[in-house]
There are 2 protein chains.
Amino acid sequence: MAREPGVGGDQVEGRRAVHELLRAGRRSVRTVYVSSSAVDEPLVREIVDLAGSNARVVAPDKLEHYARTDAHQGVVAIAAPLRAADFDELIARDDAFLVALDGVTDPRNLGAIIRSAETAGASGIVVGRHRAAHVTPAVTKAAAGAVEHVPIALVGGIPNALERARRAGCWTVGLDDGGDTSLFDFDLADQRIVLVLGAEGRGLARLTRERCDMLVRIPVHGHVPSLNVAAAATLACHEVARRRHK
Amino acid sequence: MAREPGVGGDQVEGRRAVHELLRAGRRSVRTVYVSSSAVDEPLVREIVDLAGSNARVVAPDKLEHYARTDAHQGVVAIAAPLRAADFDELIARDDAFLVALDGVTDPRNLGAIIRSAETAGASGIVVGRHRAAHVTPAVTKAAAGAVEHVPIALVGGIPNALERARRAGCWTVGLDDGGDTSLFDFDLADQRIVLVLGAEGRGLARLTRERCDMLVRIPVHGHVPSLNVAAAATLACHEVARRRHK
């Protein structure tokens, strides 16, 4: 049997991300490396306390050696990888609020999207098994702990996943500069929903666009024609949250 | 007389950013370096056409040598620096819609904020002369051309600038996790306004917070307690836009 590619997430970098990894306690943590130059900062002291016997204070250059981003803030944790969520379970939930990413490749964008989705109360993230960025250390840093809480499902392809979501009763809503409806006028936000975002630069692939029940656009009022994909995801997720909680 | 530190922006990297630099035509462009490996991409071909005799196709390793980010996408332009906007002119405008940044240091966050502000129709960005990130190549890349359109003012300190803005008749609204009012309930958006965002991690400085007429929070519905500063700026700017244009 072919080995299932995992979600990743086994190396977590950055203070908020490692703090939340330890606080949430959802997966086992092997070692938390802390730079001796950072150990007196308040959040870092809490991290050392939470990590207990797994904490190892090391020299700054040693930490640089372990780190795989330049934004580690003096803290790197090694943990059990994240477990992929079951896509069919995610789409079956009564309150399904999913964010499907069709080829987002930049790790900071992926991490920022996971963080914004989690703060909006999204029930899951859906990424393509092969084409998307997985949860690298740069993703964990940008997600600031959100990967501990929001389930991430891997699917064979986004168009096929959208078809399954529709059959399960979810509305599939693509973010697209050419969408007919403004994000702020669309009234499906209190339904079970899958928001779909395309790759940086090229947007939604044709087949993905065709599988969406509707396409919504974010109104722009300047000269630059579009938002960054993480900014678009933030607006869309929090618009759903605003309508669900008003 | 001491030399005024400029806004920066003289090196522009990334396809969208360089395309918009040339299309907008607001400042002189000395040279546009294009990697020979990128020259056949549609947007790059347009860049070469727009740059005319200033375009120089170079080998990929030569371009790496000129580039100061790893996200240049094969295009680096050298241009006249951006000119700082006059803060007093910005706060005197009838439609003033400013975004003041109190110590945002990450270039990608700064660039993303400028892009989101521009797409929301903001009339200017305000940054501290000494403490903030200025417009580096990484900022131009993340701003995707927005720096060509949205004026950027440098001020001695954000608290003092907020005081001047208030005296000029603007409302000063800080984004703060502990704010009394939800972003989605605050009704000043059609007034002249300065949105104020704090540094990554620590948020608004005490003195800045005290100078705000009101503090608004972004409602969160998960476990992660706050949004990334660029995500918060995106939501706040587009909430103002939504109310101004409805």
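Below, the structure is looked at part by part.

Definitions and cut-offs
- Residues numbered from 1 in each chain as written.
- Chains lettered and ligands numbered in written order.
- Predicted model: local features only at pLDDT ≥ 70, side-chain atom pairs only at ≥ 80, totals over all residues.
- Heavy atoms only, no water.
- Helix = DSSP H or I, 4+ residues; strand = E, 2+ residues; numbered from the N terminus.
- Rg over C-alpha atoms; globule rule 2.2 N^0.38 Å.
- Buried < 20%, exposed > 50% of the residue type's maximum accessible area, 1.4 Å probe, protein only.
- Contact = heavy atoms within 4.5 Å.
- Areas by Shrake-Rupley, 256 points an atom, 1.4 Å probe, with all protein chains shown as cover.
- Lys, Arg positive; Asp, Glu negative; His and termini not counted.
- Charge placed at Lys NZ, Arg CZ, Asp CG, Glu CD.
- Patch = residues over 30% accessible without salt bridge, like charges linked within 9 Å, V, L, I, M, F, W, Y side chains within 5 Å.
- Salt bridge = Lys/Arg side-chain N within 4 Å of Asp/Glu carboxyl O.
- Disulfide = S-S within 2.5 Å.
- Core = buried A, V, L, I, M, F, W, Y, C linked by side-chain atoms within 4.5 Å.
- Pairing = 2+ DSSP bridges.
- Axes fitted to C-alpha atoms, helices over the stretch in contact; angles between N-to-C directions.
- Buried area = accessible area lost by both parts, 1.4 Å probe.
- Polar contact = N/O pair within 3.5 Å; in protein donor to acceptor, adjacent residues only side chain to side chain.
- Nonpolar A, V, L, I, M, F, W, Y, C, P; charged D, E, K, R; others polar.

**Some thoughts on the overall build of chain A**
Along its length, chain A carries nine helices and 11 strands. A compact globule built from 246 residues should have a C-alpha radius of gyration of about 18 Å, and chain A, at 19 Å, falls within 12% of that. When the backbone C-alpha atoms are referred to their principal axes, chain A occupies close to 55 × 50 × 35 Å. Counting only residues that meet the buried cut, chain A has 56% of its 246 residues in that class. Contacts in chain A between residues far apart in sequence, at least 24 positions, make up 80% of those at least 6 positions apart. Surface exposure of chain A reaches about 10500 Å², of which carbon and sulfur atoms provide 45%. Positive and negative side-chain charges in chain A, numbering 31 and 31 respectively, have mean positions lying 2 Å apart.

**Brief notes about a negative patch on the surface**
Residues Asp61(A), Glu64(A), Asp70(A), Asp61(B), Glu64(B) and Asp70(B) make up a contiguous surface patch of negative charge. Elements represented by at least two residues in the negative patch include exactly α3 (60-66) of chain A together with α3 (60-66) of chain B. For Asp70(B), the location among the structural elements is in the loop between α3 and β4 (75-79). Looking at Asp70(B), the relative accessible area reads 78%, which means it is exposed.

**Thoughts on unusual backbone geometry**
Residues and elements named next belong to chain B. Residues other than glycine seldom take positive phi values, yet glutamine 73 does so here, at roughly 55 degrees. Here glutamine 73 shows up in the loop between α3 and β4. Judged by relative accessible area, glutamine 73 falls into the partly exposed class, the value being 37%. Of note, alanine 144 is a non-glycine position whose phi angle comes to about 50 degrees, a positive value. With respect to the secondary-structure elements, alanine 144 resides in the loop between α6 (137-143) and β7 (152-155).

**What to know about the state of the cysteines**
What makes a disulfide is a covalent bond joining the sulfur atoms belonging to two cysteines. Per the counting criterion, the structure on display carries zero disulfides over all chains. Free cysteine: Cys170(A), not disulfide-bonded; nearest cysteine sulfur from Cys212(A) at 13 Å. For Cys237(B), which is in no disulfide, the shortest distance to another cysteine sulfur is to Cys212(B) and amounts to 14 Å.

**Considerations on the pattern of salt bridges**
Residues and elements named next belong to chain A. Enumeration over the complete set of coordinates arrives at 23 salt bridges over all chains. One salt bridge in this structure joins glutamate 148 and arginine 27, with 2.9 Å as the shortest N-O distance. Within this pair, whereas glutamate 148 is found in the loop between α6 (137-143) and β7 (152-155), its partner arginine 27 is found in the loop between α1 (15-24) and β2 (29-35), the two being separated by 121 residues in sequence. In this pair, the class of glutamate 148 matches that of arginine 27, namely buried. By sharing partners, the salt bridges in this structure join Glu239, Arg242 and Arg243 into a single network.

**Re the nonpolar core**
Ranked by size, the top nonpolar core spans 93 residues in total, and within it Ile114(A) and Ile114(B) carry the most contacts. When neighbours within four sequence positions are excluded, Ile114(B) is seen to be in contact with Ile125(B), Val139(B), Ala143(B), Ala146(B), Val147(B), Val150(B) and Ile152(B). Within the second largest apolar cluster, 19 residues are counted, among which are Ala153(A), Leu162(A), Ala165(A) and Val196(A).

**Regarding the sheet that holds strand β2 (residues 29-35) of chain B**
Residue and element names in this part refer to chain B. The strand order across the open sheet built from four strands is β1-β4-β2-β3, with neighbouring strands paired in mixed fashion. Both edges of this open sheet fall to β1 (11-13) and β3 (55-58), since each of them pairs with a single strand only. Averaged over all adjacent pairs, the angle separating strand axes in this sheet is 20 degrees, with direction ignored. Bridging between β2 and β3 involves four bridges; their strand directions are parallel. The residue bridging valine 32 from the neighbouring strand is alanine 55, located in β3. Of the strands in this sheet, β2, β3 and β4 are in contact with helix α2 (residues 42-51), which crosses β2 at around 150 degrees.

**Observations regarding the sheet that holds strand β8 (residues 171-175) of chain B**
All names here are of chain B. Here we have seven strands laid out as an open sheet, ordered β7-β6-β5-β10-β8-β11-β9, and parallel in their pairing. In this open sheet, the two strands that pair with only one neighbour each are β7 and β9 (181-182). Looking at chain direction, β9 and strand β11 (residues 214-217) are connected through two bridges and run parallel. Considered in β11, the bridge of threonine 181 is made with valine 216. Where helix α5 (residues 107-119) meets the sheet, it contacts β5 (97-102), β6 (124-128) and β7, and its direction lies at approximately 170 degrees from that of β5.

**Notes on the interface of chain A and chain B**
Facing the 34 residues of chain A at the interface are 34 residues of chain B. A buried area of about 2900 Å², summed over both sides, lies between chain A and chain B, and 56% of it is on carbon and sulfur atoms. At the junction of chain A with chain B, the criterion picks out 20 residue pairs in polar contact (both at pLDDT 80 or more). Counting only elements with at least two residues in the side of chain A that touches chain B, the list comes to α1, α5 (107-119) and α9 (229-244) of chain A. Considering only residue class, the side of chain A that touches chain B consists of 12 nonpolar, 15 polar and seven charged.

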